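Summary of structural features
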Amino acid sequence: MSRSLDAKQTMALTTGDRESIRQQARSRGIGNGLLARACLRYGLLRIDSPEVEELVAEEAADERERISAAGRGNIARRWGAKDDNKKER
């Protein structure tokens with residue numbers, strides 16, 4: 001079965017996840033993208049399993065925390081800069 005690969009998807013990975021993909025792909029003699037596609041298809045075939053549901057919930061919680069942390073950092077920089085400007089006057 002030959003399928004055209006006509007769509008691209010980019011995603012952020014942890015350094016550890018990226019290295020794991022590289023190592024696993026290398027040990028199998030295939031490229032990173034091929035391994036990632038196979039893992040994606042495997043996961044999609046089992047999307048309703050409790051294990052996948054748990055992983056999705058963990059990733060969603062991690063993403064919310066990353067977004068909150070970035071927001072807190074931006075607020076601190078913004079308000080910190082305003083406080084610094086007041087002190088200079």
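First things first, this report covers the structure right here in the doc.

What counts and what doesn't
Residues numbered from 1 in each chain as written. Predicted model: local features only at pLDDT ≥ 70, side-chain atom pairs only at ≥ 80, totals over all residues. Heavy atoms only, no water. Helix = DSSP H or I, 4+ residues; strand = E, 2+ residues; numbered from the N terminus. Buried < 20%, exposed > 50% of the residue type's maximum accessible area, 1.4 Å probe, protein only. 1 Å grid on protein atoms, 1.4 Å probe; cavity = no way out; pocket = protein on both sides within 12 Å on 5 of 7 lines; lining within 4 Å. Points joined across faces, edges and corners; volume = space filled by probe spheres on them. Nonpolar A, V, L, I, M, F, W, Y, C, P; charged D, E, K, R; others polar. Patch = residues over 30% accessible without salt bridge, like charges linked within 9 Å, V, L, I, M, F, W, Y side chains within 5 Å. Areas by Shrake-Rupley, 256 points an atom, 1.4 Å probe, with all protein chains shown as cover. Salt bridge = Lys/Arg side-chain N within 4 Å of Asp/Glu carboxyl O. Lys, Arg positive; Asp, Glu negative; His and termini not counted. Charge placed at Lys NZ, Arg CZ, Asp CG, Glu CD.

Along the chain, S27 turns up in helix α1 (residues 15-28). Taking relative accessible area as the criterion, S27 reaches 56% and is therefore assigned exposed.

The computed volume of the largest pocket comes to approximately 1800 Å³. Lining the largest pocket are 39 residues, and of these M11, L13, A36, C39 and L40 sit closest to its centre. Going through the elements one at a time, α1, α2 (32-45) and α3 (50-88) are the ones with two or more residues in the lining of the largest pocket. Per-element accounting of the lining of the largest pocket gives the leading share, 13 residues, to α2. Class assignment of the residues belonging to the lining of the largest pocket gives a composition of 18 nonpolar, nine polar and twelve charged.

To continue, consider a negative patch on the surface. A contiguous patch of negative charge, built from D17, E51, E54, E58, E59 and D62, is present on the exposed surface. With five residues, α3 is the single largest residue contributor to the negative patch. Here D62 shows up in helix α3. Classification of D62 as partly exposed rests on a relative accessible area of 40%.

The full count for this structure, using the stated rule, is two salt bridges. Among the ionic pairs, E63 bridges to R66, the shortest N-O distance being 2.8 Å. Residue E63 and its partner R66 are located together in helix α3, separated by three residues, close to a single helical turn. Note that E65 and R72 form a salt bridge whose closest N and O atoms lie 2.8 Å from each other.

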